[in-house]
Amino acid sequence: MRIARWISVVLLAGLAMTSPAVAQEAAPKHKPLAEDGLHDPDLPGVHMLQEPGDVLGHLPATTSGNLVDWNKAVRDGYIEPRATLLDRGEVKTLDLDIYLPNTGDAKVVRFPHLEHSEWLDCNNCHPVPFAEEVGATPMSMLEILMGEYCGICHGAVAFPLTECSRCHSVDYDDYLKIRDQQRR
């Protein structure tokens, strides 16, 4: 069964995603709402809500956030994001990685457009908060942690900023090789 993009975005709110390499069997099970520590089991409306395991349990699993690997769910056809809320138009993707090398002692950031453009139209990020030219938008980790730039989504509807290696993923020497290959 396919889930509409807007439902997926709602389900993603405040939750995390991780890499598809994590085996589904290794993921913990979804806790019932009455036991999750977020919902008051004494409130009369709790029984009216769908249990997370019933809704999310069939999707590819991971070990953080809401225990769903949303990018794998798209790639494997479990869900199909819409171009708009009204499902008009085609989802346009861009398979282009951008590298941000000015990261101090941390690894170089690899920004994968493909994983982002499967969910979002380009105008969600361009020209605000990001200029379309590589390096034209100066930003700091502090600003991101304060909810600006990448922090607009990460920590809110995408994996949390505590998963540093998901973005800071490329050794500087490897980045130099990639950069040299791209210049050819």
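Another point: the sheet that holds strand 1 (residues 97-100). If you trace the three strands from one edge of the open sheet to the other, you get 1-2-3, paired in antiparallel fashion. For this open sheet the edge positions go to strand 1 and strand 3 (168-170), each flanked by a neighbour on one side alone. The average angle at which neighbouring strand axes cross in this sheet is 55°, direction not considered. Bridge count for strand 2 (residues 108-112) against strand 3 is two bridges, and the pairing is antiparallel. What sits directly across from Val108, in strand 3, is Val170.

Averaged over every residue, the pLDDT of the protein is 83; residues scoring 70 or more account for 85%. The low-confidence segment residues 1-27, where pLDDT is below 50, has 78 contacts with residues more than four positions distant or belonging to other chains.

Bringing the nonpolar core into the picture now. Counting residues in hydrophobic clusters, the biggest one holds nine residues: Val55, Leu56, Leu59, Val68, Trp70, Ala73, Val74, Ile79 and Trp119. Those elements that provide at least two residues to this core are helix 2 (52-56) and helix 3 (70-75). For this core, the element with the highest residue contribution is helix 3, accounting for three residues.

Note that Met139 resides in the loop between helix 4 (113-117) and helix 5 (141-145). When its relative accessible area of 29% is taken as the criterion, Met139 is described as partly exposed. The contact partners of Met139, leaving out residues within four places of it in the chain, are Leu100, Phe130, Ile144, Tyr149 and Cys150.

With that out of the way, let us pick up the packing of aromatic side chains. Using the criterion set out here, one finds four aromatic pairs in the structure. Measuring from centroid to centroid gives 6.1 Å for Tyr99 and Tyr175, while their planes differ by 45°, and the two rings are tilted. Remark: Tyr175 occurs in helix 6 (residues 172-183) and Tyr99 occurs in strand 1; sequence separation between them is 76 residues. Cluster of aromatic residues (ring-pair linked, three or more members): Tyr99, Tyr172 and Tyr175. Over the ring of Phe159 we find Arg166; its NZ or CZ atom is 3.9 Å from the centre of that ring.

With that out of the way, let us pick up the side chain of His113. Its location among the elements puts His113 in helix 4. On the accessibility criterion, His113 (15% relative accessible area) is buried. Of the polar contacts made by the side chain of His113, one reaches the backbone oxygen of Leu96; its length is 3.0 Å. What His113 contacts, discounting residues up to four positions off in sequence, is Leu94, Leu96, Asp97, Ile98 and His126.

So, how was this worked out
Residues numbered from 1 in each chain as written. Predicted model: local features only at pLDDT ≥ 70, side-chain atom pairs only at ≥ 80, totals over all residues. Heavy atoms only, no water. Pairing = 2+ DSSP bridges. Helix = DSSP H or I, 4+ residues; strand = E, 2+ residues; numbered from the N terminus. Axes fitted to C-alpha atoms, helices over the stretch in contact; angles between N-to-C directions. pLDDT = per-residue confidence, 0-100. Contact = heavy atoms within 4.5 Å. Core = buried A, V, L, I, M, F, W, Y, C linked by side-chain atoms within 4.5 Å. Buried < 20%, exposed > 50% of the residue type's maximum accessible area, 1.4 Å probe, protein only. Phe/Tyr/Trp six-rings, centres within 6.5 Å; stacked < 30°, edge-to-face > 60°. Lys NZ or Arg CZ within 6 Å of the ring centre and 35° of its normal. Polar contact = N/O pair within 3.5 Å; in protein donor to acceptor, adjacent residues only side chain to side chain.

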